[in-house]
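Listed here are the chains, written in short residue letters.
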Amino acid sequence: MNCLKGKIVNNLLLVSGIVCLAIAIIGQAKLLFIEINPGFFGRLLALIVAIYCLSSTMPNGAFSIPTESLNSFVQEAIPRFQEIIDQVLNA
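Report follows, based on the coordinates. (Residues numbered from 1 in each chain as written. Predicted model: local features only at pLDDT ≥ 70, side-chain atom pairs only at ≥ 80, totals over all residues. Heavy atoms only, no water.)

Comments concerning the environment of Phe-41
Part 1 of the reasoning: Its location among the elements puts Phe-41 in helix H2 (residues 39-57).
Part 2 of the reasoning: Look at Phe-41 and you get exposed, because its relative accessible area is 64%. (Helix = DSSP H or I, 4+ residues; strand = E, 2+ residues; numbered from the N terminus. Buried < 20%, exposed > 50% of the residue type's maximum accessible area, 1.4 Å probe, protein only.)

As structure tokens, this is what we get:
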């Protein structure tokens, strides 16, 4: 049960870090009916929170991907991405 609780907390920190990083980078944006306009200090605070959240997920192993599966994924993805790029350029 502790392992599951740790994974949930780790995933929440990862998602909140990515959201805060997006707010810090994008700044003023409109998402459906919600307008996000944090200003300078809000963006700075979002950046600090994002750095804290993402740095706290690193030691917990959020990004531990087996090398074999990563290599096979990259080898399969490169031709697909090349086909997509060719289709976009030829359209």
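Now that the structure is up, let's keep going.
As for the pattern of salt bridges
Part 1 of the reasoning: Scanning all chains against the criterion turns up 1 salt bridge.
Part 2 of the reasoning: Its salt-bridge partner being Glu-76, residue Arg-80 comes within 3.6 Å of it at the nearest N-O pair. Note that Arg-80 and Glu-76 are positioned in helix H3 (residues 67-90) at a spacing of 4 residues, about one turn of the helix.
Part 3 of the reasoning: Taking the relative accessible area as the measure of exposure, Glu-76 reaches 47% and is therefore partly exposed. (Salt bridge = Lys/Arg side-chain N within 4 Å of Asp/Glu carboxyl O.)

Quick look at a nonpolar patch on the surface
Part 1 of the reasoning: Taken together, the side chains of Leu-21, Ile-25, Ile-26, Phe-40, Phe-41, Leu-44, Leu-47, Ile-48 and Ile-51 present a nonpolar region at the surface, about 920 Å² in accessible area.
Part 2 of the reasoning: Broken down by secondary-structure element, the contributors of at least two residues to the nonpolar patch are helix H1 (2-26) and H2.
Part 3 of the reasoning: Sort the elements by how many residues they give to the nonpolar patch and H2 lands first, with 6 residues.
Part 4 of the reasoning: Following the sequence through the fold, Phe-40 ends up in helix H2. (Patch = residues over 30% accessible without salt bridge, like charges linked within 9 Å, V, L, I, M, F, W, Y side chains within 5 Å. Areas by Shrake-Rupley, 256 points an atom, 1.4 Å probe, with all protein chains shown as cover.)

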